[in-house]
Amino acid sequence: MSLLRTEGLNLRFGGVVALDDVAISIDDGEIVGLLGPNGAGKSTLFNVLSGLLTPDSGRVTLSERDISRALPYERALAGLGRTFQHIKLFPGHTVDENLRIAQHRHLSSSTVAAMLRLPSWRRDEAEVRERVDAILELIDLERYRHHRPGELSYGTLRFVELAAVLSLRPQVLLLDEPASGIAQREAEALGPLLREIRDVLGCAIFLIEHDMPLLLSVSERVYALDFGKVIAHGTPDEVTADDHVLSSYLGRTRRTDVAAS
Amino acid sequence: MSTKVIDTSVLPKTERRRRAPSGTATAAAVALAAAAIVPLLLGDFASFVGARIAVTAIIGLSVIVVTGYTGQLSLMPYTFVGIGVFVAAHTITGWGWPFWFAAAFAALLSVPLSVLVGLVAVRLRGFYFAIATLTFASAVGATLFEWDAFTGGQKGLSVARPVVGPIDFGGDKAYYLLCLATVLLLVWMVMGLQDSRIGRAMAAVRENETAAATLGVNVMKTKLVAFVVSGMVAAIGGVYHGMLLQSVTRTPYQTPFVEAVGVTLVILVVVGGMRSPWGPFIGAAIIYVQLEVFRTALFLQYFIAAVTAVAFVVVLLKLPDGLVGLIKHEAANVRRAPRRGGIRVAIIIALNVAVFYAIWRLSQ
């Protein structure tokens, strides 16, 4: 049974076709990669999936439930977590406070309860402390607890953002270039980490990544996108052997590699 | 959640930072005792000024919730104050209700209006939110407050100060203590909001609406809750404002005054500190005490606006968290290096006293 599925997603920005009849499907507990050259529509697809963009036509379903018209926060509450290519954290708050904000979904105390310090507020605050402790232990970020995002390296922030989105306990995790802008050593740690997250939390992961070795080693299936169209999908080996993919994406990568060396 | 540890030792090391130990409780107790006693010793006029400060602090708390916590600039706090003022006039003086019941009723009555305005305003961001509230302030002033049966027309209405059992709050000293107790209660309540599900959602909305929504926060609902709570607090402030003045008219709650006092209140809260429930209290205290001191110095009167403007710009540039931020900063300095920090604080206080003394001498 597919957990997250899209059917016939189309989106145009003026004359530019951003998404062209995109149909993808992700199963429970699967790690799926999304590759494609810059401007292929990868982040646009993520924005449509998470509700930040409305497609011209098409459907998005999560666990057989149609979420095409759901607002971003409703999709988050339905179990769809995502990170951004440009990290979005709350800069005025410490890591601890950022992760407390991220526990919103699991709490229920009312405004009045907080203002009068009622028992329901007390229970909420005890729970939030426990949950933040647990997630800091899971991602091993305890030593950054009282730092603000501005004081931390980009790589560390990627892990903090991951901790925040995992706090949602999502069923599907959309990761937009988790390895971009971080050190090689940190990027290498990411592959095992993603598998660990999938095993421990049991969520499916759909990721965009330009680090090809990482993407191909961690993904069980891969979709290749170009000009907003799915040009290939299958196992990493099948997709990297595909003629369309070679010409549109890997070819270009090889050329830049040559130019860089 | 499993306690399985995922190794992130590849991440760069930083030293663990510790929370500062809190020795602030005693200092706060001393400050509060001084706030309660000093105006009483100085007499009726000082107590009236004190009550004015406390009432302004209550109204300022409404700004803390919607602007400080949630980041939405509402310029209609005095519309809700107006509702409180006239509700107090009818219920306390007209119908003989106890003041606390009138305050609760005013808070409740503000809800339909704030929901109505809120449903429009929460769809807007930043500048547009502010303009929407400004428009509604003007509209309510031209409709609800034009209703003579509600506002008493040109003559206005009178509001009695309460008598509770054997205690008569009619005098300025007793009324000051009542206002002080109320503002402390409301500061405590608004403070509770900060560390709660809804308070954290407000902070998230303030800093990044998209990120907040991604984490499951209903941005529009959060803004609406903030706006409604803010309206209720302002309406309660209005009841106390009415009892403070004892005679009220509609003019301050209509264009152009209602907009002007709304902006002035926001300035006062920014100077005091936007992120702390103590901000309005400290901002009101500093500004009103200065105004009273400057008022006696006739030849300096004309400089008040200039001095205020300079102080405001300095706060904006150097003290994003206002005077509360300054106090916290200096308190941290004292804790870290008691002697040097103590000397710094002594110099700041001495400079302030010197300026006040000089103005007072010059005005004699």
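Conventions used here
Residues numbered from 1 in each chain as written. Chains lettered and ligands numbered in written order. Predicted model: local features only at pLDDT ≥ 70, side-chain atom pairs only at ≥ 80, totals over all residues. Heavy atoms only, no water. Patch = residues over 30% accessible without salt bridge, like charges linked within 9 Å, V, L, I, M, F, W, Y side chains within 5 Å. Areas by Shrake-Rupley, 256 points an atom, 1.4 Å probe, with all protein chains shown as cover. Salt bridge = Lys/Arg side-chain N within 4 Å of Asp/Glu carboxyl O. Helix = DSSP H or I, 4+ residues; strand = E, 2+ residues; numbered from the N terminus. Phe/Tyr/Trp six-rings, centres within 6.5 Å; stacked < 30°, edge-to-face > 60°. Buried < 20%, exposed > 50% of the residue type's maximum accessible area, 1.4 Å probe, protein only. Pairing = 2+ DSSP bridges. Axes fitted to C-alpha atoms, helices over the stretch in contact; angles between N-to-C directions. Contact = heavy atoms within 4.5 Å. Expected span 1.5 Å × (residues − 1). Bend = angle between axes of the 7 residues up to and from the residue. Domains from an automatic or database assignment. Buried area = accessible area lost by both parts, 1.4 Å probe. Polar contact = N/O pair within 3.5 Å; in protein donor to acceptor, adjacent residues only side chain to side chain. Nonpolar A, V, L, I, M, F, W, Y, C, P; charged D, E, K, R; others polar. Core = buried A, V, L, I, M, F, W, Y, C linked by side-chain atoms within 4.5 Å. pLDDT = per-residue confidence, 0-100.

1. As for a nonpolar patch on the surface
Here is step 1 of the chain: Together, A:V112, A:L116, A:L118, B:L185 and B:W188 make up a nonpolar patch on the protein surface, roughly 430 Å² of accessible area in all.
Here is step 2 of the chain: Note that B:L185 resides in helix α7 (residues 172-194).

2. A few points about the packing of aromatic side chains
Residues and elements named next belong to chain B.
Here is step 1 of the chain: Throughout the structure, instances matching the rule amount to 15 aromatic pairs over all chains.
Here is step 2 of the chain: For the pair F86 and F150, a centre-to-centre distance of 5.6 Å together with 55° between the ring planes defines the contact as tilted. Separated by 64 residues along the polypeptide, F86 in helix α3 (residues 77-94) and F150 in helix α6 (residues 148-151) bring together distant segments of the chain.
Here is step 3 of the chain: A relative accessible area of 0% places F86 in the buried class.
Here is step 4 of the chain: Seen from their ring centres, W95 and W97 are 5.5 Å apart, and the 65° between their planes marks the pair as edge-to-face.
Here is step 5 of the chain: For W95, a relative accessible area of 54% translates into the label exposed.

3. Focus: the sheet that holds strand β4 (residues 31-35) of chain A
Residues and elements named next belong to chain A.
Here is step 1 of the chain: One open sheet accounts for 6 strands, arranged β7-β8-β9-β4-β10-β11; its pairing is mixed. Looking at the sheet topology across the chains shown, the edges are occupied by β7 (80-82) and β11 (229-234). Ignoring strand direction, the axes of neighbouring strands in this sheet form an average angle of 20°.
Here is step 2 of the chain: Its contacts with the sheet place helix α1 (residues 42-49) against β4, β7, β8 (172-176), β9 (204-208) and β10 (221-226), and it is angled at close to 145° to β9.
Here is step 3 of the chain: Here helix α6 (residues 154-167) sits on the sheet and contacts β7 and β8; the angle it forms with β8, its principal contact strand, is near 155°.

4. Digging into helix α7 (residues 184-201) of chain A
Residue and element names in this part refer to chain A.
Here is step 1 of the chain: Here α7 spans 26 Å end to end across 18 residues, near enough to the 26 Å set by a 1.5 Å rise per residue.
Here is step 2 of the chain: Of all the bends in α7, the greatest, near 30°, is centred on G191, and the proline P192 appears no more than four residues after it.
Here is step 3 of the chain: Along α7, the residues classified as buried are E186, A187, A189, L190, G191, L193, L194, I197, R198 and L201.
Here is step 4 of the chain: Once α7 ends, the next one or two residues include G202, with phi positive near 65°.

5. What to know about α6(A)
Residue pairs three or four apart in sequence face the same way in an α-helix, which turns once every 3.6 residues.
Here is step 1 of the chain: In this model, α6(A) (14 residues) spans 20 Å end to end at C-alpha, consistent with the 20 Å of a helix rising 1.5 Å per residue.
Here is step 2 of the chain: Following α6(A) by one or two positions, A:R169 adopts a phi angle in the positive range, close to 55°.

6. Things to note about the domain arrangement of chain B
When the parts come together, some accessible area is lost, and that loss is often what is quoted as the size of the interface.
All names here are of chain B.
Here is step 1 of the chain: Entries for chain B in the domain assignment read domain 1 (28-320) and domain 2 (321-364).
Here is step 2 of the chain: Relative placement of domain 1 and domain 2: their C-alpha centres are 27 Å apart.
Here is step 3 of the chain: Taken residue by residue, the interface counts 21 residues in domain 1 and 10 residues in domain 2.
Here is step 4 of the chain: With both sides pooled, the region where domain 1 packs onto domain 2 buries about 1200 Å², and carbon together with sulfur makes up 78% of that total.
Here is step 5 of the chain: Linking domain 1 to domain 2 there are 5 residue pairs in polar contact (both at pLDDT 80 or more).
Here is step 6 of the chain: If you list the elements that add at least two residues to the side of domain 1 that touches domain 2, you get α11 (257-272) and α12 (279-296).
Here is step 7 of the chain: Tallying contributions element by element places α12 first for the side of domain 1 that touches domain 2, with 8 residues.
Here is step 8 of the chain: The residue makeup of the side of domain 1 that touches domain 2, split by class, is 14 nonpolar, 6 polar and 1 charged.

7. Here we look at the pairing of β4(A)
Remember that side chains alternate between the two faces of the sheet whenever the strand is regular.
Residue and element names in this part refer to chain A.
Here is step 1 of the chain: Within β4, 5 of the 5 residues are buried, leaving the element largely enclosed by the surrounding structure.
Here is step 2 of the chain: Burial of the side chains of β4 extends over both faces: I31, G33 and L35 are buried on one face and V32 and L34 on the other.
Here is step 3 of the chain: One ladder, built from 4 bridges, connects β4 with β9; its direction is parallel. If you follow I31 over to β9, its bridge partner there is I205.
Here is step 4 of the chain: Pairing of β4 with β10 involves 4 bridges; the strand directions are parallel. Pairing of L35 across the sheet is with A224, part of β10.

8. Some thoughts on the interface of chain B and chain A
Here is step 1 of the chain: Taken together, the contacts link 46 residues of chain B with 56 residues of chain A.
Here is step 2 of the chain: Both sides of the chain B and chain A interface together cover about 4900 Å² of buried area, and 63% of this is carbon and sulfur.
Here is step 3 of the chain: At the boundary of chain B with chain A, the tally comes to 1 salt bridge.
Here is step 4 of the chain: As a salt-bridge pair, B:R200 and A:E125 come within 3.1 Å of each other at their nearest N and O atoms.
Here is step 5 of the chain: The tally of links between chain B and chain A comes to 7 residue pairs in polar contact (both at pLDDT 80 or more).
Here is step 6 of the chain: Where the side of chain B that touches chain A is concerned, the elements lending two or more residues are α7, α8 (197-207), α9 (209-214) and α10 (219-245) of chain B.
Here is step 7 of the chain: Tallying contributions element by element places α8(B) first for the side of chain B that touches chain A, with 8 residues.
Here is step 8 of the chain: Taken together, the residues of the side of chain B that touches chain A sort by class into 22 nonpolar, 12 polar and 12 charged.

9. Things to note about the pairing of strand β5 (residues 57-62) of chain A
All names here are of chain A.
Here is step 1 of the chain: Where strand β1 (residues 2-13) and β5 come together, 5 bridges link them in antiparallel fashion. Considered in β5, the bridge of N10 is made with S57.
Here is step 2 of the chain: In the sheet, β5 pairs with strand β6 (residues 65-66) via 2 bridges, with the strands oriented antiparallel. The residue of β6 that forms the bridge with T61 is D66.
Here is step 3 of the chain: In this antiparallel pair of consecutive strands, β5 and β6, the connection spans 2 residues, and S63 shows a positive phi of 50°.

10. Examining the pattern of salt bridges
All names here are of chain A.
Here is step 1 of the chain: The tally for this structure, following the rule as stated, stands at 24 salt bridges over all chains.
Here is step 2 of the chain: A salt bridge links R5 to E7; its shortest N-O distance comes to 3.9 Å.
Here is step 3 of the chain: Judged by relative accessible area, E7 falls into the partly exposed class, the value being 36%.
Here is step 4 of the chain: Linked by salt bridges that have partners in common, R5, E7, R59, E64 and D66 make up one network.

11. A few points about the nonpolar core
Here is step 1 of the chain: With 85 residues, the main nonpolar core has B:Y175, B:V183, B:L193, B:M202, B:Y240 and B:M243 as its most contacted residues.
Here is step 2 of the chain: No other element matches the 14 residues that helix α2 (residues 44-69) of chain B contributes to this core.

12. Concerning the confidence of the model for chain B
Residues and elements named next belong to chain B.
Here is step 1 of the chain: Summing up the model confidence of chain B, the mean pLDDT is 88 and the portion of residues at 70 or higher is 90%.
Here is step 2 of the chain: At the low end of the mean pLDDT range in chain B sits helix α13 (residues 304-318), at 78; at the high end sits α10, at 97.
Here is step 3 of the chain: Within the model, pLDDT remains below 50 along residues 1-5, and this stretch shows 14 contacts once partners closer than five positions in the same chain are excluded.
Here is step 4 of the chain: Taken together, the stretch residues 15-21 has pLDDT below 50 and engages in 8 contacts with residues farther than four places along the chain or on a different chain.
Here is step 5 of the chain: For this predicted complex, the interface confidence comes out at an ipTM of 0.89, alongside a pTM of 0.89.

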